[in-house]
Each structure stands twice: as structure tokens, then as C-alpha cells.
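Summary of structural features
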Amino acid sequence: MTSSSSFSQDSKRFEHSHPEGFRADALMEEDVAWSHEIDGERDGDQFDRSDRAALRRVVGLSTELEDVTEVEYRQLRLERVVLVGVWTSGTVQDAENSLAELAALAETAGALVLDGVTQRRDKPDAATYIGSGKAEELRDIVVDTGADTVICDGELSPGQLIHLEDVVKVKVIDRTALILDIFAQHAKSREGKAQVALAQMQYMLPRLRGWGQSLSRQMGGGKGGGLATRGPGETKIETDRRRIREKMAKMRREIADMKTGREIKRQERKRHKVPSVAIAGYTNAGKSSLLNRLTGAGVLVENALFATLDPTVRRAETPSGRLYTLADTVGFVRHLPHHLVEAFRSTMEEVGESDLILHVVDGSHPFPEEQLAAVREVVRDVGATDVPEIVVINKADAADPLTLQRLLRVEKRSIAVSARTGQGIEELLALIDNELPRPSVEIEALVPYTHGKLVARAHDEGEVISEEHTPEGTLLKVRVHEELAAELTPYVPAAAPAL
């Protein structure tokens, strides 16, 4: 008791003599009682120690919903575009179809199409593509619709881009830039990204421009300098062009190295005499769907233009047991930019080096003949005109019967299929089996069991007509190439003696 009362008296004396120190000690106690004479002098609300250390939200700066019934809609703002085309040849329907395809390309790139106009001219205007008067009208359309981009259905020169932008006062791009943007979004593999980057730099190089002092030379001093305009260095645009050329050279070397790897694989297939089939066709015609149906490759399938860019090669087998490779190539489109054809030439060589082309066309398209013509133009550019072709009319389940009949009548080597439902796939496989080149030598050999590798090669590289297992070995009747026939010749059974 004595010690307790002594401690209490000491505490009171300490409190009166050191009020601030006692208050600080009290604040360290989590469960200290609130005192009016101590805590009432503080400003603001009082919190527990955990609340004092916590982060507090500032009222009015939080987007957190206070009521669960409220719904906050946040929509990504799409680029709002107006399409413009120059109609120089063909019918009005052709011009509208081309602009409709441009609209599909713009939507694939992530834009919102607000309006589209066409103009009939003998040739595009050299200055503003559509002429100065029509450019003013286009400016009014841009203002009325609130668009922030104009997309032209053609490849514009650098001068046309600058002059048209000066009139409409918004960004102007052409069909080539739009397709390059889609390719940049969809390229996944290292080679695909490098090819797209090379094509973009080829397109950008002649279109570099700058403003004001960014194009002036480095200022130089000294006697005779006049107004000091004789700069010893490069202009800004010259520096940019030099750097782009250096990057392009580096990209070409990288693509050449990747091309070497693909050529080695292709030579290995040729060495083993494995036939190859290339799937070519218009974009969104169903090439990847057909590859999945034929081989189960599991390639991305999407109802969008240029959904898959990276070539895919898969192993397949004909109904008769012959092995072959099936390669899916990049989709084609009307007026495919020559930059892309050049950059993707190594990839498109799969078409030129193949033994058979499956030319896939969208049977549900209103004008499939235009797709056929556009694809054949690109195939001709890559030098694959001598490769046999089978026209595969896809989406037969959604196509107009009259359109199917017209295509089947016009295209002699054609077949109607549906990659979605499987209609006509069996007939297509049989047609591939008939059209693929067959080994030239037919031979019958009794191969000892100790030489089983020859039997395996006969199955992989040739066409087995009959096979029988005897006590002496495997009796094969096969159709093979000359090299394998020479290895099987020592095992050809001797002719039975005449009676």
C-alpha cells in the first residue's frame, strides 16, 4: 500500500512538473482513456494508432462506387474516321465494294467509321488526291461528323498527304498505312514482327517530315558565314533517314537469317521427298479454319481480316497413307502494298516452293471472282504460276447456291467445302491425294526384317500398294522415288523359272 500510494503521488508531481512528457507517454498506450483536459486541447478528430497510420482517401477524388446499384460505364474511345475513295475505272458497284472493304479494314484496326464518300475522276489529283474543291467539302464532312482521321482508299504520295492534311485539318492516312497498322497489331512471331517493321520503315522513309527548326542545319560560324546558314552537319530529317536506313539493313539481315532456317527445313522435306501443299487465299476466307479441319493444328480462328499472319506448317496424311505438309500462308487483299509483298517474300516462298496450292475463296462473299483475281495477282508476283491449283470454295453452308454453281462451272479444278461443318472435306482429301505428285518407280521387294528402316522409309517417302509379312521378310509392293528404288533393288525377288 505504501509503495502504491507513493507511486501515485510521484506520478501526479511528474504530471504537474512535466505535462508534455506525461502526455507523450500516455499517447503510447493503445487503451488509454480519453481525457478532456489532455485530449480536448488537440485539433481535429482523434483516431486509434492503427487508424492514424492508415491511408485515407480524399473526398471527391475517388471513383469508388458508394452504392452497388450504380454502374460506371467506361468505354474506350475509338478513332473516328471518314473514308474517301477515287473511282477511276470499273463500275459504281466496284467502287462501293472497295470502300466497304476499306471500312472492314478500318474496323479491324480499331476505328469507328462515320462516313464514306467516293469521287469519279480520270486519275487522282496530284496535289490533294481528290482536288481542292472536294477537299473543302471533305473538310465540312469531317467537321459535321466530328471525325479525327481521314482514310484514303489508295496509296498517297508524301505531297498528297501533306496538302490534304492542310485542308481537312485532321490526320490523313492511306490504305497502305492502314494495312501496315493491322499487320503490326497481329504479328506474333519474331519473324512476323521483323517483316512488318521492315515494311513500315520502307513506307515511312519517303514520308518523313518535320516542322520549323527541326529541319534546319546545325548553325556554323566563322568568316564568310553570311547569316550562319552554312551548317557543317546534317539536317534533322537527313539524320532520321540515315537511322531508318541503318535499321532497315539490320532488319534485312535478321530476316535473311530466319529465311535460312526455313530453307533448311524445306530442303530436309525435299530430301525425304515429302510433298508440300500451300493454303493461299483472300483474307478472312477461312484458310486457318481449313488447316484446323484438315490437320487439327489449333491455329487461331477469328472472323477478322488478317487474324493470323505467321505461317504455320503441319504434317498431314492422305487417305491412302501418303505423308505431306500443309502450310498456311498470310492472307491477301486487293491492292496489297508492295512493301508487304517485298517484306513477306520469304514467307510467301512457301507458295512458290509447294507442289500444290489450295486456293481458298469465300463462297459467301458477294463477288468471289474479285478475290480470286486479287490472290492470283500476288501469286504471280512471287513466281508460283506453274504450281498446280485447286480452288476450294469455303463457307459452302452460308453461300448462295447460284454463286456456288457459277464458281464450280467457271473454275474447272474446284470443290465446295465448309470448314465449319466438315462438308466436302473427305472429297477434298481425296482430290489432294490424286493431285499430289506420285513417286515415279514401282517396285516389289522382299526386305529382310533386319532392314526395317527401308520399310519405314517406304511408308514415309513412297506409296505402299501392298504389304505382306513372310518368314523371309516383308514383301512390299511400293511406288517410290529413284533413290529409294535403288536401295530396294537388291531385295527384288528373282523371277520364277519357266516350266
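In this text the structure is predicted, and so the values were computed from the model without any measurement. (Residues numbered from 1 in each chain as written. Predicted model: local features only at pLDDT ≥ 70, side-chain atom pairs only at ≥ 80, totals over all residues. Heavy atoms only, no water.)

**Some details on the confidence of the model for the protein chain**
- Confidence in the prediction of the protein chain, expressed as mean pLDDT, is 77, and 75% of residues score 70 or more.
- No element of the protein chain has a lower mean pLDDT than helix α2 (residues 19-27), at 49, and none a higher one than strand β3 (residues 149-152), at 93.
- The model gives residues 62-76 a pLDDT under 50, and that stretch makes six contacts with residues more than four places away or in other chains.
- In this model, residues 211-228 is a region of pLDDT below 50 whose contacts with residues beyond four sequence positions or in other chains number 27 contacts. (pLDDT = per-residue confidence, 0-100. Helix = DSSP H or I, 4+ residues; strand = E, 2+ residues; numbered from the N terminus. Contact = heavy atoms within 4.5 Å.)

**Observations regarding empty space enclosed by the protein**
- In the structure shown here, the tally under the stated rule is two cavities of 30 Å³ or more.
- Quantified by volume, the largest cavity comes out at close to 40 Å³.
- Along its surface, the largest cavity is lined by Glu 101, Tyr 282, Arg 334, His 365, Glu 370 and Gln 371.
- Within the lining of the largest cavity, the residues separate by chemical class into one nonpolar, two polar and three charged.
- Counted as a void, the second largest cavity has a volume near 30 Å³.
- Lining of the second largest cavity is provided by Arg 269, Ser 276, Val 277, Ala 278, Thr 325, Ala 327, Glu 350 and Ser 354. (1 Å grid on protein atoms, 1.4 Å probe; cavity = no way out; pocket = protein on both sides within 12 Å on 5 of 7 lines; lining within 4 Å. Points joined across faces, edges and corners; volume = space filled by probe spheres on them. Nonpolar A, V, L, I, M, F, W, Y, C, P; charged D, E, K, R; others polar.)

**Things to note about the packing of helix α14 (residues 368-381) against helix α15 (residues 401-410)**
- Between α14 and α15, whose axes approach to 11 Å, the crossing angle comes to 40 degrees. With respect to α15, the element α14 is oriented oblique. Contacts between α14 and α15 involve Pro 368, Glu 369 and Leu 372 from the former and Thr 403, Arg 406 and Leu 407 from the latter. (Axes fitted to C-alpha atoms, helices over the stretch in contact; angles between N-to-C directions. Parallel < 35°, antiparallel > 145°, perpendicular 65-115°, else oblique.)

**Some words on the pattern of salt bridges**
- Scanning the model with the defined rule gives 16 salt bridges in all.
- One salt bridge connects Glu 246 with Arg 242, and the closest N-O pair in it is separated by 3.7 Å. Highlighted residues: Glu 246 and Arg 242, both in helix α10 (residues 236-271), separated by four residues, approximately one helical turn.
- We note a salt bridge from Glu 442 to Arg 479, for which the minimum N-O separation is 3.4 Å. With Glu 442 in strand β11 (residues 441-447) and Arg 479 in strand β13 (residues 474-480), this pair connects stretches of sequence that are 37 residues apart.
- Overall, Glu 442 belongs to the partly exposed group, its relative accessible area being 44%.
- You can call Arg 479 partly exposed: its relative accessible area is 21%. (Salt bridge = Lys/Arg side-chain N within 4 Å of Asp/Glu carboxyl O. Buried < 20%, exposed > 50% of the residue type's maximum accessible area, 1.4 Å probe, protein only.)

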